[in-house]
Amino acid sequence: MSQPDPVAEMTHRLVLSRTGRIHLVEQGSGPLVLLVHGFPESWYSWRHQLPALAAAGYRAVAVDVRGYGRSAKPEGVAAYRMLDLVEDNVAVVRALGERTAVIVGHDWGATIAADSALVRPDVFRAVGLLSVPYAPRGGPRPSEVFARMGAEEEFYVSYFQAPGRAEAEIEPDVRGWLAGFYAALSADTMPPADAPDPHFVSRGGTLRDRFPIGRLPAWLSENDLDVYAAEFERTGMSGALNRYRNMDRDWEDLVGFDGSPITQPSLFIGGALDASTTWMADAITAYPATLPGLVSSHILDGCGHWIQQERREEVNEILRGWLACLPT
């Protein structure tokens, strides 16, 4: 007898924000937990968490971030600045008939979740961060910081910031590029430590030059890859990449929050083999000052960047335990 498909039991909805629609997928009932994905993913990256949180008594909702999937893709790079994404998250909470929510994000979604909690503490009562630590706004302009990284090589964030440049690399073979990008940052398929770093681009080269070839990470099936690739083949990559192109605008927009801590109850989960965790180790060390409401922090041994997919059972257990101890 075949097992039920948990994805088939999820409800898809479109809700309105100020600049268009937001596509979301929900399962369960109870306190609202809003799940925000990163690059280059979609709501589907939370496919293992939605049924687990629903079974634990929560209304689990995963969105397609603006520019991704079935959500709106407004014209103009500036339409993807952080404050607009925060407003989208508030609009989702309101459209679902709720006053408050717990927000959890991965990768760029972690930064979106952190800034949502920072800017709208009246709406987001707790925040969970996966893979990317919280670091308060401050320091030099981000584009200047990234331009100094890599010496003769170019940091991937700088590479992504020029409109059309990364699109020209990715869009002729979306599926192949995604497979390589996912493999490059996964624990079981990432290049060895002495290989050229896939976070950097040789002058005149492409990111893809350094991707592993011919092997998918264990967490990613051919069907999973098909789901991701089909969305980006339909939408193109610009909406997703525009997040990187607003980092200087975000730095300007959030000047009033310079150095500000997030005081709500919080959670961090990182992978020991993830560059986001190792490069930002100082941000994790600073958590007593920057996340004074931190409930728990976890570094998963042998785990790469795609943490809630690579280690779904462990992440689900941590999320359920954290949610259970939050004040209602």
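Residues numbered from 1 in each chain as written. Predicted model: local features only at pLDDT ≥ 70, side-chain atom pairs only at ≥ 80, totals over all residues. Heavy atoms only, no water.

### Some remarks on the sheet that holds strand β1 (residues 11-17)
On the basis of which strands lie adjacent, the open sheet formed by eight strands has the order β1-β2-β4-β3-β5-β6-β9-β10 and mixed pairing. Single-partner strands in this sheet number two, and they are β1 and β10 (294-300). Mean inter-strand twist for the sheet, computed between neighbouring axes without regard to direction, equals 20°. Of the strand pairs in this sheet, β1 and strand β2 (residues 20-27) are connected by seven bridges, and their pairing is antiparallel. Looking across to β2, one finds that Leu 14 is bridged to His 23. Against the sheet, helix α2 (residues 82-95) makes contact with β1, β2, β3 (32-36), β4 (59-63), β5 (101-106) and β6 (124-130), and its axis sits at roughly 115° relative to β1, the strand it touches most. The sheet contacts of helix α3 (residues 108-119) involve β3, β5 and β6, and relative to β6 the element is tilted by about 160°. (Pairing = 2+ DSSP bridges. Helix = DSSP H or I, 4+ residues; strand = E, 2+ residues; numbered from the N terminus. Axes fitted to C-alpha atoms, helices over the stretch in contact; angles between N-to-C directions. Contact = heavy atoms within 4.5 Å.)

### A word on helix α8 (residues 222-235)
Under the 1.5 Å per step criterion, the end-to-end length of α8 is 20 Å for 14 residues, consistent within 8% with the ideal 20 Å. All buried positions along α8 are accounted for by Asp 224, Leu 225, Tyr 228, Ala 229, Glu 231 and Phe 232. The arc that holds the buried residues of α8, viewed along the axis, is 155°, so those residues lie on one side. Taken together, the buried residues of α8 touch α7 (174-184), α9 (238-241) and α14 (307-310). (Expected span 1.5 Å × (residues − 1). Buried < 20%, exposed > 50% of the residue type's maximum accessible area, 1.4 Å probe, protein only. Arc of directions from axis to C-beta.)

### Some words on the environment of Arg 70
One can find Arg 70 in the loop between β4 and α2. Using a relative accessible area of 40% as the deciding quantity, one classes Arg 70 as partly exposed. The spatial distance from the C-alpha of Arg 70 to the C-alpha of Phe 181 is 22 Å, given a sequence separation of 111 residues. With sequence-adjacent residues up to four places away left out, Arg 70 is seen in contact with His 12, Leu 14, Arg 21, His 23, Asp 64, Glu 231 and Arg 234.

### A closer look at the layout of surface pockets
Take a probe with the size of a water molecule and roll it over the atoms, and the empty space left behind shows itself. Its volume calculated, the largest pocket comes out at about 1400 Å³. Taken together, 47 residues make up the lining of the largest pocket; nearest its centre are Val 132, Ala 135, Phe 146, Met 247 and Met 280. Where the lining of the largest pocket is concerned, the elements lending two or more residues are α3, α4 (142-147), α5 (156-161), α10 (247-253), α11 (275-279) and α12 (281-285). When residues in the lining of the largest pocket are grouped by element, the largest group, six residues, is from α3. Here the residues of the lining of the largest pocket are counted per class, giving 34 nonpolar, seven polar and six charged. In this structure, the second largest pocket occupies an estimated 230 Å³ of space. (1 Å grid on protein atoms, 1.4 Å probe; cavity = no way out; pocket = protein on both sides within 12 Å on 5 of 7 lines; lining within 4 Å. Points joined across faces, edges and corners; volume = space filled by probe spheres on them. Nonpolar A, V, L, I, M, F, W, Y, C, P; charged D, E, K, R; others polar.)

### Side note on the packing of aromatic side chains
In total, this model carries 25 aromatic pairs according to the counting rule given. Arranged with centres 5.4 Å apart and planes meeting at 70°, the rings of Trp 177 and Phe 211 form a pair that is edge-to-face. One end of the pair, Trp 177, is in helix α7; the other, Phe 211, is in the loop between β8 (200-201) and α8, with 34 residues separating them in the sequence. Per residue, the accessibility class of Trp 177 equals that of Phe 211, and both read buried. Plain terms: the ring middles of Tyr 182 and Trp 219 are 5.7 Å apart, the flat faces sit at 65° to each other, and that makes the pair edge-to-face. One end of the pair, Tyr 182, is in helix α7; the other, Trp 219, is in the loop between β8 and α8, with 37 residues separating them in the sequence. Sitting over the face of the ring of Trp 108, Arg 243 holds its NZ or CZ atom 4.7 Å from the ring centroid. (Phe/Tyr/Trp six-rings, centres within 6.5 Å; stacked < 30°, edge-to-face > 60°. Lys NZ or Arg CZ within 6 Å of the ring centre and 35° of its normal.)

### Some words on the environment of Leu 294
Tracing the chain through its elements places Leu 294 in strand β10. With 166 residues separating them along the chain, Leu 294 and Gly 128 place their C-alpha atoms 9.4 Å apart. Setting aside residues up to four positions removed in sequence, Leu 294 forms contacts with Ser 266, Leu 267, Phe 268 and Tyr 287.

### Overview of the nonpolar core
Phe 39 and Phe 160 are the most contacted members of the largest nonpolar core, which totals 97 residues. Discounting residues that sit within four places of it in the chain, Phe 39 has contacts with Tyr 68, Asp 107, Trp 108, Phe 160, Trp 177, Phe 181, Met 237, Ala 240, Leu 241, Tyr 244 and Trp 306. (Core = buried A, V, L, I, M, F, W, Y, C linked by side-chain atoms within 4.5 Å.)

### Details of the pairing of β3
A large share of β3 lies buried, amounting to five of its five residues. For β3 and β4, the ladder comprises five bridges, and the chain directions are parallel. By the bridge assignment, Val 33 is partnered in β4 with Ala 60. With helix α1 (residues 49-55) bridging β3 and its parallel neighbour β4, the resulting β-α-β unit is right-handed. Here β3 pairs with β5 via four bridges, running parallel. Paired with Val 33 across the bridge in β5 is Val 102. (Right-handed = clockwise from strand over helix to strand, strands pointing away.)

### Some words on the pattern of salt bridges
Counting across every chain of the model gives 21 salt bridges. Where Glu 87 meets Arg 18, a salt bridge forms, and the shortest distance between an N and an O atom there is 2.6 Å. One end of the pair, Glu 87, is in helix α2; the other, Arg 18, is in the loop between β1 and β2, with 69 residues separating them in the sequence. With a closest N to O distance of 2.8 Å, Arg 66 and Asp 88 form a salt bridge. Residue Arg 66 is found in the loop between β4 and α2, and its partner Asp 88 is found in helix α2; the two are separated by 22 residues along the sequence. According to the relative accessible area criterion, Asp 88 is buried, its value standing at 4%. Look at the salt bridges and you will find they share partners, linking Arg 18, Arg 66, Asp 84, Glu 87 and Asp 88 into a network. (Salt bridge = Lys/Arg side-chain N within 4 Å of Asp/Glu carboxyl O.)

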